[in-house]
Amino acid sequence: MDRFLIRGGRPLHGEIPIGGAKNSALKLLVAGLLTSERLVLSNVPRIDDIATMRVLLAQHGITVEDVGGPGGVPGAGQVLSVGGDIANTEAPYDIVSKMRASILVLGPLLARAREARVSLPGGCAIGTRPVDLHLKGLEALGAEIRLEAGYIDARAPAGLIGARIVLPFASVGATENLLMAATLASGRTEIVNAAREPEIDDLVACLNAMGARVTGAGTGILVIDGVERLHGARHAVVSDRIECGTYACAVGIAGGDVRLVGGQVRHLRAVVRTLEEAGIEVVEEEDAMRVRRSGRLRGVDVMTEPYPGFPTDMQAQFMALFSVAEGASMMTETIFENRFMHVPELNRMGARINVHGSSAIIRGVDSLSGAQVMATDLRASFSLILAGLAASGETMLSRVYHLDRGYEAVERKLSGCGAVIERVSG
Ligand code: EPZ
């Protein structure tokens, strides 16, 4: 298993290309199930979760071909062509248990093939992560759903029928599953209290390019008028706001001045506000988000919320940042029930973080010290890299496979700006 060796204490200078959003590209690939024509996606990040999704779609009979795109240039993204006819409507446990986003094939399979047998995803490191809102919503669209032997057995022999669905929580995945299913349902569907993340706007734009009729993106109420069929389209994946925010934290904790090329400030308002309160300068440029930090970091109190609030996917990264800030910070996690797995690892590096239920108190220290630490989940693994960038001495991060699921070419992007970080294989 690969590890990262990081030597801290160097500020970052230069440019980092920001790639296409993992949490959009995965769903756009699934949207390929909704048509037998080819959907061509550009700016797709080269990350392991995309490879896993290609395996899942292939066993459904959907081929995903790499049709070029500037190879080897980080952030340039790959171009994938998705197409084919559904040959199998079962999503097996061994794939779904590896990647929860697999559950998103349920709605499209029901909409196109009128049946689906999808393994329940089970929990993961950050929480139990049920899918009850997905299932209740699909039943509202007329699906008959049974749970049996750890699988979801769903069928809609007469096809899905539009309905008004009110989500008790603005679930990203439930919104996406129901949105995709509703595009081919008969009649009108309203999803009330829909999630408003930019990745959902991106999915709506792609579905409409495929001939769907969806309005209300970003408003919290999605209205979908079902159509007979969808056709092929070409779509560029939206920039990854979480990757951008993560590297902004890297500049914040290491110091320096970096242009995050392709970063969109408009998708990161809550994050930018927090960066500025912490003493980090953010400048919106034509095609980049420029981040600078030279003075002392300051502690800030933060609560994670559904978009446009402060994103839970940035919580671990800011926890690392606050661990070397002046004063104390309070971080409250309201989205997931177990997303503080990075705390014990940060404390081993000298951070002073205490967890009380869904809140953590971070008392800033003057410096962290390098140590052997272990990644537990995607965003936690990056928080440990951030701590390593600021720590004195060497940090060895194990289980880097967590990181490779969702971040492309991390060691290349950081060392290109002066960080000392290398991948140690085996
Ligand atoms: C998506 O997960 C993202 N994943 C997550 O990013 C992100 O943290 C999350 O949205 C919130 O923004 C992808 O897009 C692949 P939810 P998702 O449905 O769809 C509860 C990362 O690091 N819930 O909004 O699973 C659930 O348990 C990942 O890139 C139900 O109770 O998030 C959780 O506590 C991590 N019942 C909360 O809602 C349901 O049916 C948020 O879940 C569905 C969700």
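Predicted model, so just to flag it, every value in this text is computed and none were measured. (Residues numbered from 1 in each chain as written. Predicted model: local features only at pLDDT ≥ 70, side-chain atom pairs only at ≥ 80, totals over all residues. Heavy atoms only, no water.)

### Regarding the pairing of strand 23 (residues 394-398)
Turning to step 1, where the next piece is worked out: Bridge analysis of strand 1 (residues 3-7) against strand 23 gives four bridges, and the strand direction is antiparallel. Among the inter-strand pairings, F4 is bridged to a residue of strand 23, identified as L397.
Turning to step 2, where the next piece is worked out: Regarding the hand of the β-α-β motif, the stretch spanning strand 22 (residues 372-374), helix 12 (residues 378-390) and strand 23 is right-handed. (Pairing = 2+ DSSP bridges. Helix = DSSP H or I, 4+ residues; strand = E, 2+ residues; numbered from the N terminus. Right-handed = clockwise from strand over helix to strand, strands pointing away.)

### What about the pattern of salt bridges?
Turning to step 1, where the next piece is worked out: Scanning the model with the defined rule gives 28 salt bridges in all.
Turning to step 2, where the next piece is worked out: Residue E394 pairs with R7 through a salt bridge whose shortest N-O separation is 2.8 Å. One end of the pair, E394, is in strand 23; the other, R7, is in strand 1, with 387 residues separating them in the sequence.
Turning to step 3, where the next piece is worked out: Note that D257 is salt-bridged to R292, the shortest N-O span being 3.5 Å. One end of the pair, D257, is in strand 15 (residues 256-261); the other, R292, is in strand 17 (residues 288-293), with 35 residues separating them in the sequence.
Turning to step 4, where the next piece is worked out: Exposure remark for D257: the relative accessible area of 18% places this residue in the buried category.
Turning to step 5, where the next piece is worked out: One salt-bridge network, in which partners are shared between bridges, spans E15, D257, R259, E281, E285, D287, R290 and R292. (Salt bridge = Lys/Arg side-chain N within 4 Å of Asp/Glu carboxyl O. Buried < 20%, exposed > 50% of the residue type's maximum accessible area, 1.4 Å probe, protein only.)

### Things to note about the site of the ligand
Turning to step 1, where the next piece is worked out: As a structural note, the neighbourhood of the ligand is formed by 22 residues, with K27, D132, S171, D313 and I335 the closest of them.
Turning to step 2, where the next piece is worked out: At a separation of 2.7 Å, an oxygen atom of the ligand approaches a polar backbone atom of L133.
Turning to step 3, where the next piece is worked out: One of the side-chain nitrogen or oxygen atoms of S171 is found 2.7 Å away from an oxygen atom of the ligand.
Turning to step 4, where the next piece is worked out: Coverage of the ligand by the protein amounts to 86% of the 820 Å² it exposes when considered alone.
Turning to step 5, where the next piece is worked out: Secondary-structure elements contributing two or more residues to the shell around the ligand are helix 1 (22-31), helix 5 (132-140), helix 6 (172-182) and helix 12. (Near = heavy atom within 4 Å. Polar contact = N/O pair within 3.5 Å; in protein donor to acceptor, adjacent residues only side chain to side chain. Areas by Shrake-Rupley, 256 points an atom, 1.4 Å probe, with all protein chains shown as cover.)

### Concerning the layout of surface pockets
Turning to step 1, where the next piece is worked out: Quantified by volume, the second largest pocket comes out at close to 330 Å³.
Turning to step 2, where the next piece is worked out: Along its surface, the second largest pocket is lined by 20 residues, and A111, L184, V227, E228 and R229 are the ones closest to its centre.
Turning to step 3, where the next piece is worked out: Of the residues belonging to the lining of the second largest pocket, the class tally is nine nonpolar, six polar and five charged. (1 Å grid on protein atoms, 1.4 Å probe; cavity = no way out; pocket = protein on both sides within 12 Å on 5 of 7 lines; lining within 4 Å. Points joined across faces, edges and corners; volume = space filled by probe spheres on them. Nonpolar A, V, L, I, M, F, W, Y, C, P; charged D, E, K, R; others polar.)

### Some words on helix 7 (residues 198-209)
Three or four residues apart is the spacing at which side chains of an α-helix point the same way, because the helix has 3.6 residues per turn.
Turning to step 1, where the next piece is worked out: Helix length check: helix 7, at twelve residues, gives a terminal C-alpha distance of 17 Å against a target of 16 Å (1.5 Å per residue), a fit within 8%.
Turning to step 2, where the next piece is worked out: Where helix 7 is concerned, the buried positions are P198, E199, I200, D202, L203, V204, C206 and L207.
Turning to step 3, where the next piece is worked out: Just beyond helix 7, the residue with positive phi is G211, at close to 105 degrees. (Expected span 1.5 Å × (residues − 1).)

### Remarks on the sheet that holds strand 1
Turning to step 1, where the next piece is worked out: Strand order in the open sheet formed by four strands is 22-23-1-24, and the pairing between neighbours is mixed. A single partner strand is all that each edge strand has here, and the edge strands are strand 22 and strand 24 (420-424). Adjacent strand axes in the sheet meet at a mean angle of 20 degrees when their direction is disregarded.
Turning to step 2, where the next piece is worked out: Bridge analysis of strand 1 against strand 24 gives five bridges, and the strand direction is antiparallel. The residue bridging I6 from the neighbouring strand is I421, located in strand 24.
Turning to step 3, where the next piece is worked out: The sheet strands contacting helix 12 are strand 1, strand 22, strand 23 and strand 24, and the helix crosses strand 1 at an angle near 25 degrees. (Axes fitted to C-alpha atoms, helices over the stretch in contact; angles between N-to-C directions. Contact = heavy atoms within 4.5 Å.)

### Topic: the packing of helix 1 against helix 2 (residues 48-59)
Turning to step 1, where the next piece is worked out: Running from N to C, helix 1 and helix 2 cross one another at 10 degrees; their axes reach a closest spacing of 10 Å. With respect to each other, helix 1 and helix 2 are oriented roughly parallel. Residues K22, A25, L26, L29 and V30 of helix 1 form the contact with helix 2, whose own contacting residues are D49, I50, M53 and L57.
Turning to step 2, where the next piece is worked out: Residues belonging to the contact of helix 1 with helix 2 are distributed by class as follows: seven nonpolar, no polar and two charged. (Parallel < 35°, antiparallel > 145°, perpendicular 65-115°, else oblique.)

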